[in-house]
Amino acid sequence: MSHLSQRPEKPVVGVSMPHESATQHVTGTALYTDDLVYRAKDLLHAYPVQVMKAHGRITALRTEPALAVPGVVRVLTGADVPGVNDAGMKHDEPVFPDEVMFYGHAVAWVLGETLEAARLGAEAVEVDLDELPSVVTLQDAIAAESFHGARPLMVTGDVDAGFADSAHVFTGEFQFSDQEHFYLETHAALAHIDEGEQVFVQSSTQHPSETQEIVAHVLGLHSHEVTVQCLRMGGGFGGKEMQPHGFAAVAALGAKLTGRPVRVRLNRTQDLTMSGKRHGFHAQWKIGFDADGRIRALEATLTGDGGWSLDLSEPVVARALCHIDNTYWLPNARIAGRIAKTNKVSNTAFRGFGGPQGMLVIEDIMGRCAPLLGLDPMELRERNFYQQGQATPYGQPIVQHERISAVWHKTLENGGVADRQREIAAFNAAHPNTKRALAVTGIKFGISFNLTAFNQGGALVLIYKDGSVLINHGGTEMGQGLHTKMLQVAATTLGIPLHKVRLAPTRTDKVPNTSATAASAGADLNGAAVKNACEQLRQRLLQVAASQLGSNGSDVRIVDGVARTLGSHKELAWDDLVRTAYFQRVQLSAAGFYRTEGLHWDAKAFKGSPFKYFSHGAAAAEVEVDGFTGAYRIRRVDIVQDVGDSLSPMIDIGQVEGGFVQGAGWLTLEDMRWDATDGPNRGRLLTQAASTYKLPSFSEMPEEFNVILLENATEEGAVYGSKAVGEPPLMLAFSVREALRQAAAAFGPGGVSVELASPATPEAVFWAIEGARRGAASQDGPARDEFTAVGHAGNGLARTDAAVLSGA
């Protein structure tokens, strides 16, 4: 076992404990960015001037009426920017645009003594606009060939030969929805200038270093003149990886120009209409199977809805291509990716980062094709699992193929799937208007950032004379429990009780050049960096202990806060050891660093090994569907998730549960609607609140929810043998969607392929049921080789998706 993975005697990692801020969360004492405004003197409030048109060129911007509003101090426009007027990393996101690119685009910001004064001032600003044609829907973008950014192509094997060798060839089309992050805390930033002209920004950001970089270049400063701190976030889910930078820059610019603290905090409607979502996707595909139902070839084009600017769309689409295989071997594949440019908010990172979109395509294909092949969907999936010696379409070897089967069969066993399938068959036979179904799906999710350079982490660990320890690391806390794990890693490495360790807020002046807390890599990168710093300190202290105990440093162990020599009764308490080290002038601080080894990626060739390892999991979901309305309930879910050797089991199980429910929301409930008419509100987001955008709540939770972590699953080469947990469980919700498909199919005869829209709302399930019933009627006529299924979904208009599956 590697040094990084090996656990010492009596580790604090692996112990179930509550979130380090749990008490503060439930008592309301945990501070978030906007809570700090009450500590700021002479604070100004910023309010956006939004233009409610989808696309147009600004011909005039009159701010004088706003300045006449009582309490308005200043209006910020592009003319005020001393540096670069851009909030993105692609230089395509002006902070103050001269062209409106989506409905609700902010073109200026008003600073007021009160939020109400700033709001009234924003209403008073006059904007003249030369309206331009707009592209709102993904379908319209594809038809107009409105694309931007890279167009990756992933090829493996001989696709034409693969189709020629196939006994069955099917083609289809699939479009599925975007998703709103709906974090509880909206975007927020608070900036002030100190006596040394340093810019200090409190920001709700997953990427403080990049927020620092953007603020600096907007203000025309160097990065060392800007400090960004993130106390904690009330949720992020990827929505605060890139998008906070512009809001922080507005606050910082206002503070720089007025000399007063400036607060930016979006209300819920502003957050929904101004910030990006998960990318909705369109997929056109063709797949070939041999006579035994094994995939021989796959050809597909995936189009992601990028919105008006690139943001992170290129790596999102790249990751979608890298995950279209999921757990299945594709011996021959040609997969193309592209990014649609639409006049909507710029879509961005969201838990899974393109992986869910790619995996959903193949799972939808498997669910639709299984009946046409005469196979149970579970059997079709299992037949195509990766085996030893196989590699992904982009060339990364699969070295843990056995875990795909391990989590699958453990899920079948724990869920009593075989017995329950018999019970479901009996129930369905006795209930013509209500049907149940049980589906099992698995996941294989790659862990690491697409861009190799981001796979690094840093930490700063300080030991004080009294033996207390303070750790700083580059990761941010958004409720996922990263800080809890880092405390456990530090205590384990130093060999001391957890109460000796405290964690400082994430700041760019403590740990520089950090990567975003994203890609499920927060614990891997920052945990290894914390461990590295603590190991440096421990080695120094072992030498001090050896001198006091009269032994060699290699024979000393520090366990439970006591240093002991092997084979001796001599011991030295931690506090005494630290005090002795201080008087011996031993350095009691250390900077830790970690870079993920073994990664290589050729983006142009779309080949390499971009992931450190794969996370595996499986879920069995049982649903019950009403045949009259399409309404359904999730009766039971059983999950087995591979997290290696868990750093903090209670935290990890919570992440699995939360990720699964968020995935189920995306796939079944959260239906974003945009106005795509030619009326005055074209491009407007119609689902602007929780009253119209439905989020999963207690009523959508599985009635029985069982989650276990795979045992004896040490991950070699990862911090204390753990694996990532943040994103992978979201994709386990495919099981719910597939169960709904199978339940809808149960209303028709066997062998009917059912198309199911995504999100699979009750309305969509109803239309899937109707499709199954029509399939029953069609089978009364002559046999045919073509099957057509029609489903319904919403994207601001009633939309009909049609797919033709041809059996060759």
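So, a few notes on the structure that sits alongside this text. (Residues numbered from 1 in each chain as written. Predicted model: local features only at pLDDT ≥ 70, side-chain atom pairs only at ≥ 80, totals over all residues. Heavy atoms only, no water.)

## With respect to the overall build of the chain
Working step 1: Within the chain one finds 19 helices and 31 strands.
Working step 2: Since a compact globule built from 808 residues should have a radius of gyration of about 28 Å, the 28 Å found for the chain is in line with a globular shape.
Working step 3: With the principal axes as the frame, the chain shows a C-alpha extent of 95 × 80 × 50 Å.
Working step 4: For the chain, the proportion of contacts with a sequence separation of at least 24, taken over those separated by at least 6, is 81%.
Working step 5: In the form shown here, the chain has an accessible surface area of approximately 29100 Å², with 52% of it arising from carbon and sulfur atoms.
Working step 6: The centroid of the 71 positive side-chain charges in the chain is displaced by 4 Å from the centroid of its 91 negative side-chain charges. (Helix = DSSP H or I, 4+ residues; strand = E, 2+ residues; numbered from the N terminus. Rg over C-alpha atoms; globule rule 2.2 N^0.38 Å. Contact = heavy atoms within 4.5 Å. Areas by Shrake-Rupley, 256 points an atom, 1.4 Å probe, with all protein chains shown as cover. Lys, Arg positive; Asp, Glu negative; His and termini not counted. Charge placed at Lys NZ, Arg CZ, Asp CG, Glu CD.)

## A few points about the sheet that holds strand β23 (residues 571-573)
Working step 1: Read across the sheet, three strands follow the order β21-β22-β23 without closing on themselves; strand pairing throughout is antiparallel. Edge positions in the sheet fall to β21 (556-559) and β23, since each of these pairs with one other strand and no more. Averaged over all adjacent pairs, the angle separating strand axes in this sheet is 20 degrees, with direction ignored.
Working step 2: Bridge count between strand β22 (residues 562-565) and β23: three bridges; the pairing is antiparallel. (Pairing = 2+ DSSP bridges. Axes fitted to C-alpha atoms, helices over the stretch in contact; angles between N-to-C directions.)

## Here we look at empty space enclosed by the protein
Working step 1: Summed over the entire model, instances satisfying the criterion amount to six cavities of 30 Å³ or more.
Working step 2: When its volume is computed, the largest cavity comes out at roughly 320 Å³.
Working step 3: Lining of the largest cavity is provided by 17 residues; of these, Glu93, Gly246, Phe247, Met274 and Trp308 occupy positions nearest its centre.
Working step 4: Looking at the lining of the largest cavity, the elements with two or more residues in it are β5 (105-112) and α7 (244-258).
Working step 5: Split into classes, the residues belonging to the lining of the largest cavity amount to 11 nonpolar, four polar and two charged. (1 Å grid on protein atoms, 1.4 Å probe; cavity = no way out; pocket = protein on both sides within 12 Å on 5 of 7 lines; lining within 4 Å. Points joined across faces, edges and corners; volume = space filled by probe spheres on them. Nonpolar A, V, L, I, M, F, W, Y, C, P; charged D, E, K, R; others polar.)

## Description of the sheet that holds strand β4 (residues 99-100)
Working step 1: What the three strands build is an open sheet, ordered β4-β2-β6; its pairing is antiparallel. Only two strands of the sheet have a single neighbouring strand rather than two, namely β4 and β6 (126-131).
Working step 2: As defined by bridge partners, strand β2 (residues 56-62) adjoins β4 across two bridges and the pair is classed as antiparallel. The partner of arginine 57 across the bridge, within β4, is glutamate 99.

## With respect to the layout of surface pockets
Working step 1: Taken as a whole, the second largest pocket encloses approximately 690 Å³ of empty space.
Working step 2: Around the second largest pocket, the lining comprises 30 residues; the ones closest to its centre are Glu314, Pro315, Asn450, Leu451 and Phe454.
Working step 3: Of the residues belonging to the lining of the second largest pocket, the class tally is 19 nonpolar, four polar and seven charged.

## Quick look at helix α18 (residues 734-745)
Working step 1: Across its 12 residues, α18 extends 17 Å between first and last C-alpha, which sits within 8% of the 16 Å expected from 1.5 Å per residue.
Working step 2: The element α18 is extensively covered by neighbouring structure, given that 11 of its 12 residues are classed as buried.
Working step 3: Among all positions of α18, only Phe734, Ser735, Val736, Arg737, Glu738, Ala739, Leu740, Arg741, Ala743, Ala744 and Ala745 are buried. (Expected span 1.5 Å × (residues − 1). Buried < 20%, exposed > 50% of the residue type's maximum accessible area, 1.4 Å probe, protein only.)

## Concerning α7
Working step 1: Here α7 contains 15 residues, and its C-alpha end-to-end distance of 21 Å stays within 8% of the 21 Å for a straight helix at 1.5 Å per residue.
Working step 2: Most of α7 is tucked away, with 12 of its 15 residues classed as buried.
Working step 3: Those residues of α7 lying buried are Pro244, His245, Gly246, Phe247, Ala248, Ala249, Val250, Ala251, Ala252, Leu253, Gly254 and Ala255.
Working step 4: Of the residues one or two after α7, glycine 259 is the one with positive phi, at around 75 degrees.

## What to know about the side chain of threonine 273
Working step 1: Examined against the element boundaries, threonine 273 turns out to sit in helix α8 (residues 268-274).
Working step 2: What makes threonine 273 buried here is its relative accessible area of 10%.
Working step 3: Among the polar contacts listed, one links the side chain of threonine 273 to the backbone oxygen of threonine 269, at a separation of 2.8 Å.
Working step 4: The residues touching threonine 273, leaving out its near neighbours within four places in the chain, are Gln50, Phe102, Tyr103, Val345 and Gln688. (Polar contact = N/O pair within 3.5 Å; in protein donor to acceptor, adjacent residues only side chain to side chain.)

## Describing the packing of helix α6 (residues 208-219) against α7
Working step 1: Their axes nearest at 9 Å, the elements α6 and α7 cross at an angle of 45 degrees. By the angle class used here, α6 and α7 are oblique. Of the two possible hands of crossing, α6 and α7 adopt the one that is right-handed. Counting all contacts with α6, which are made through Glu210, Thr211, Ile214, Val215, Val218 and Leu219, the residues of α7 involved are His245, Ala248, Ala249, Ala252 and Leu253. (Parallel < 35°, antiparallel > 145°, perpendicular 65-115°, else oblique. Left-handed = near helix turned anticlockwise from the far one by under 90°.)

## What about the side chain of serine 515?
Working step 1: When you line up the elements, serine 515 lands in the loop between β20 (506-507) and α15 (522-549).
Working step 2: We classify serine 515 as buried; its relative accessible area is 10%.
Working step 3: A distance of 2.5 Å separates the side chain of serine 515 from the backbone oxygen of phenylalanine 454, its partner in a polar contact.
Working step 4: Apart from the residues within four sequence positions on either side, serine 515 is in contact with His207, Phe449, Phe454, Asn455, Gln456 and Gly474.

That's the geometry; what it means functionally is another story.
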